Amino acid sequence: MLLSRNIRLAVSSLRSSKWRSYLTMLGIIIGVASVVVTVSIGEGVKKQVVKQINELGPELITVRPGTTVQRDENGNIVGVNLLAGINPGSFSEKEWTAITETSGVQSTSPLNVVSGVPRYQDKTMPNSIVVGTTDNFAALIGQELDYGAFFSDNDKNENTVVIGKRVADELFGELAPIGKSIQVRGHTLIVKGIFKQFPSTPLVASNDYNSTIFMPYEVSKKVSSGQVQIYQILAKAKDEKTANSAAANIRSNLTKLHGGEEDFTVLKQDENLAVVSNMLNLLTAFIAGVAAISLLVGGIGVMNIMLVLVSERTREIGVRKAVGATNKQILTQFLVESSVLCVVGGLLGIILSVIANYLIRVFTDLQPVITIPIILISVGIALIVGIIFGTTPAVIAARKDPIESLRYE
Amino acid sequence: MPVIELKDVSKLYGFGDATTVALDEVNFSVEKGEFVAIMGPSGSGKSTLLNIIGLLDKPTHGTYDLGGRRVERMRANRRSKIRRDTIGFIFQSFNLLPRLNVLENVALPLAYKGKTQTKRLKQAGAILEEVGLADREYFMPKQLSGGQTQRVAIARALVNNPKIIIADEPTGNLDSASSLVIMELLDKIHRDGNTILMVTHNPELTKYASRVVFMHDGSIVADEMSKFGEIPGFIKRRMYSVKIKTQEDKLKGVSAVMKAIPDKNTKNDDSSNKKQKKPIKKYKRKNKAKK
Ligand SMILES: Nc1ncnc2c1ncn2[C@@H]1O[C@H](COP(=O)(O)OP(=O)(O)OP(=O)(O)O)[C@@H](O)[C@H]1O
Ligand SMILES: [Mg+2]
């Protein structure tokens, strides 16, 4: 009852000097908007990645060189090593064979990097990735083609390639450059198929298959003069149930192969998910933290204005005290006022972030998602800012001497 | 039992050589239903006395019983609640809150009592009717004349059914016609059984009081019952010992002249009064303070 009266009072006070209120709120608005936008981008990316990983199926196991995760004795992931991706080394055919022969594994497919820049006529595409893989790759990751076909067992020694959509667009400048030829390290390869658009996964650049050129594994060995640099091996378990034991077997086999050293990472799909969302959470938290600094600055602005307001309304405070307001009631009045200022700022910030997110959706690949918890938390944060930065002015107001306040001009 | 009972109440400001004695061991009690007018030259301690009685200020020394309760050492919180429940204030400068309308201003003391909005506004409306401003409920303070504003302030002071009403120069900012309206209103409130303490510089207004007190240098130097419609003799003597020189002075009543009374005059009058000891006592006190 008293609270609703205080809120009405606060609103009328803030309305009595609209411009000042808006300007004060600006800091809170921008602060809340930037926090909400960063968190919702993070949330959106996570959602895209989750969707993509789920599409691959629960029986898919990914093996990569380097230690990306820390595990406890039971094999549960306890930490993620963000820097592992920088120089992870690579596998050779030994590991591939070992994985293929592991019990519970049905089929495997390696990705062998070919270091070379593809060229079409006089155009090159330096940001593309050239890999060699087996004919079961497309089926393994469940990806369909827009044009042509993936290479089969028959053309495993043929100089053919299947390319991602962006390669078709950037290198050839057309949708379906089937039959056209590219040059890699002096070898000529004919385009046999073009993949459908892979769901884009921002922040996970190593997996950007849209900019990748795939050739048969044997051909890739030939092109890179016999050198093998496998940066990822996909293994498919017989079914979802055997995925766990298959992954465990791969781990123990490879550890044995590497002389007891676990310098590689075996991830089931659900773990892959955990790793990615862990990384994203860290990143989002960091950026949101930076954005929150503007909230702090906004809070200081609120405190400043509240101090001005308290001194402007000294006489009012005197009158209220004379008619019987207790110190606590005065304190509450001003605390509610600063909180209302911040919460209204927070709500406007959310509206601003909805607009910003819409623009981001239109102009970028990102799909930011605003969830109810994000809204509740950001309004909560705004409220906390209002209370924290409103306390000092409110205490000053509450402690004012009634006589001096009544005399104040 | 008196509503208000002050015993040896002093109020000092400052330290050491800069000490001001605003109230000097004042003994003062007020019975229920009295209308006390307090007069005295500027700086004689009238406002200080009212502030202490109204629990806005604490005495430096002495005791204060309000309605049988010892209040002079109470904490701010309890003082606020006593103000809310038992005291109504009327100020010289009206002190309505500019952002609230007339009705909300009158209802303000009730808000701190935790009454519901509808009850508050109903009660405030009833009081407004009593002061003759029922048709101004939704006006903002700045849309009212001085006299109307003060009537709203009086309604606010009354809305809580206070034990005492404290008015420090309630007509100080008003012309004589509005002053008259306000005094008639206070008189009506007095006749309804309320206790009123009023400071005024206008001797004419003491006509309405049932008791007149004169202060000088922090002491009460005269204190007499007076009949309605009459100015007490000691006030008259002070009035006519000063000549009214200009037309303007005449219009203002004697208030401007009273303020200009030199100390000598009042002191001469003091000697004719019963309470002769006071000035000597004060002299001692000032010496004490200097030590
Ligand atoms: N906060 C204060 N600090 C120091 N001295 C004060 C303070 N308030 C009042 N005084 C002093 O106390 C004395 C009495 O002041 P008070 O306001 O009670 O006078 P008054 O009788 O109401 O005068 P006026 O008729 O001008 O309103 C004065 O000498 C004044 O200077
Ligand atoms: Mg005064």
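Model, not experiment: these values are computed from the prediction.

1. Considerations on the pattern of salt bridges
Residues and elements named next belong to chain A.
Argument step 1. Under the defined criterion, the tally for this structure stands at 24 salt bridges over all chains.
Argument step 2. Of the charged contacts in the structure, one is a salt bridge between Glu59 and Lys236, with a shortest N-O distance of 3.7 Å. Note that Glu59 is positioned in the loop between helix H2 (18–55) and strand S1 (60–65) and Lys236 in strand S13 (residues 230–237), a separation of 177 residues in sequence.
Argument step 3. You can call Glu59 buried: its relative accessible area is 18%.

2. Details of helix H11 (residues 372–398) of chain A
All names here are of chain A.
Argument step 1. Between the first and last C-alpha of H11 there are 36 Å, a value that for 27 residues agrees with the 39 Å anticipated at 1.5 Å per step.
Argument step 2. For H11, the principal kink sits at Thr391 and spans about 45°; a proline, Pro393, occurs within the next four residues.
Argument step 3. Ile374, Ser378, Val379, Ala382, Val385, Gly386, Phe389, Gly390, Pro393, Ala394, Ala397 and Ala398 are the residues of H11 that are buried.
Argument step 4. Each element contacted by the buried residues of H11 is listed here: H2, helix H8 (269–312), helix H9 (314–322) and helix H10 (327–363).

3. Here we look at the packing of H8 of chain A against H11 of chain A
Between two packed helices, what matters for the description is the angle formed by their axes and the separation of those axes.
All names here are of chain A.
Argument step 1. Interaxial distance between H8 and H11 falls to 9 Å at its minimum, and their mutual angle equals 30°. On the basis of their axis angle, the class for H8 and H11 is roughly parallel. Here H8 runs over H11; the crossing is right-handed. Between H8, through Leu295, Leu296, Gly299, Ile300, Met303, Met306, Leu307 and Val310, and H11, the contact on the second element is made entirely by Ile381, Val385, Phe389, Thr392, Pro393, Ile396 and Ala397.
Argument step 2. For the contact of H8 with H11, the residue count by class is 13 nonpolar, two polar and no charged.

4. A short note on the interface of chain B and chain A
How big an interface is tends to be stated in terms of accessible area lost as the parts join.
Argument step 1. At the junction of the two partners, chain B supplies 26 residues and chain A supplies 25 residues.
Argument step 2. Both sides together, the interface formed by chain B and chain A hides about 2,200 Å², and carbon and sulfur atoms give 57% of it.
Argument step 3. The largest contributions to the chain B side of the interface with chain A come from Leu56, Arg99 and Tyr112 of chain B, which together make up 34% of the buried area.
Argument step 4. The interface formed by chain B and chain A contains one salt bridge.

5. Quick look at the sheet that holds strand S6 (residues 87–90) of chain B
All names here are of chain B.
Argument step 1. Read from one edge of the open sheet, six strands run S6-S7-S8-S3-S9-S10, paired in mixed fashion. Two strands lie at the open edges of the sheet, namely S6 and strand S10 (219–225), each paired on one side alone. Recorded for the sheet is a direction-independent mean angle of 15° between the axes of neighbouring strands.
Argument step 2. Relative to S10, strand S9 (residues 211–216) is paired through six bridges, and the arrangement is antiparallel.

6. Points about the domain arrangement of chain A
Argument step 1. Split by domain assignment, chain A resolves into domain 1 (2–50 + 278–407) and domain 2 (116–228).
Argument step 2. In this structure, domain 1 of chain A and domain 2 of chain A have C-alpha centres spaced 53 Å apart.

7. Observations regarding the site of ligand 1
Argument step 1. Ser42, Gly43, Lys46, Ser47 and Thr48 of chain B are the nearest of the 14 residues found near ligand 1.
Argument step 2. Residues close to ligand 1 are split across chains A and B.
Argument step 3. Note that an oxygen atom of ligand 1 is positioned 2.6 Å from one of the side-chain N or O atoms of Ser42 of chain B.
Argument step 4. In the environment of ligand 1, an oxygen atom lies 2.5 Å from a nitrogen or oxygen atom belonging to the side chain of Thr48 of chain B.
Argument step 5. Put simply, the parts of the chain that give the shell around ligand 1 at least two residues each are strand S2 (20–30) and helix H1 (46–53) of chain B.
Argument step 6. In terms of residues, the shell around ligand 1 owes the most to one element, H1 of chain B, which gives three residues.
Argument step 7. Class assignment of the residues belonging to the shell around ligand 1 gives a composition of three nonpolar, eight polar and three charged.

8. Some words on the environment of Ser353 of chain A
Residue and element names in this part refer to chain A.
Argument step 1. Secondary-structure assignment places Ser353 in helix H10.
Argument step 2. For Ser353, a relative accessible area of 0% puts it in the buried group.
Argument step 3. Taking the C-alpha atoms as reference, Ser353 lies 35 Å from Pro58; in sequence the two are 295 residues apart.
Argument step 4. Among the polar contacts made by the side chain of Ser353, one reaches the main-chain carbonyl oxygen of Ile350 at a distance of 2.6 Å.

Thresholds, definitions, all that
Residues numbered from 1 in each chain as written. Chains lettered and ligands numbered in written order. Predicted model: local features only at pLDDT ≥ 70, side-chain atom pairs only at ≥ 80, totals over all residues. Heavy atoms only, no water. Salt bridge = Lys/Arg side-chain N within 4 Å of Asp/Glu carboxyl O. Helix = DSSP H or I, 4+ residues; strand = E, 2+ residues; numbered from the N terminus. Buried < 20%, exposed > 50% of the residue type's maximum accessible area, 1.4 Å probe, protein only. Expected span 1.5 Å × (residues − 1). Bend = angle between axes of the 7 residues up to and from the residue. Contact = heavy atoms within 4.5 Å. Axes fitted to C-alpha atoms, helices over the stretch in contact; angles between N-to-C directions. Parallel < 35°, antiparallel > 145°, perpendicular 65-115°, else oblique. Left-handed = near helix turned anticlockwise from the far one by under 90°. Nonpolar A, V, L, I, M, F, W, Y, C, P; charged D, E, K, R; others polar. Buried area = accessible area lost by both parts, 1.4 Å probe. Pairing = 2+ DSSP bridges. Domains from an automatic or database assignment. Near = heavy atom within 4 Å. Polar contact = N/O pair within 3.5 Å; in protein donor to acceptor, adjacent residues only side chain to side chain.

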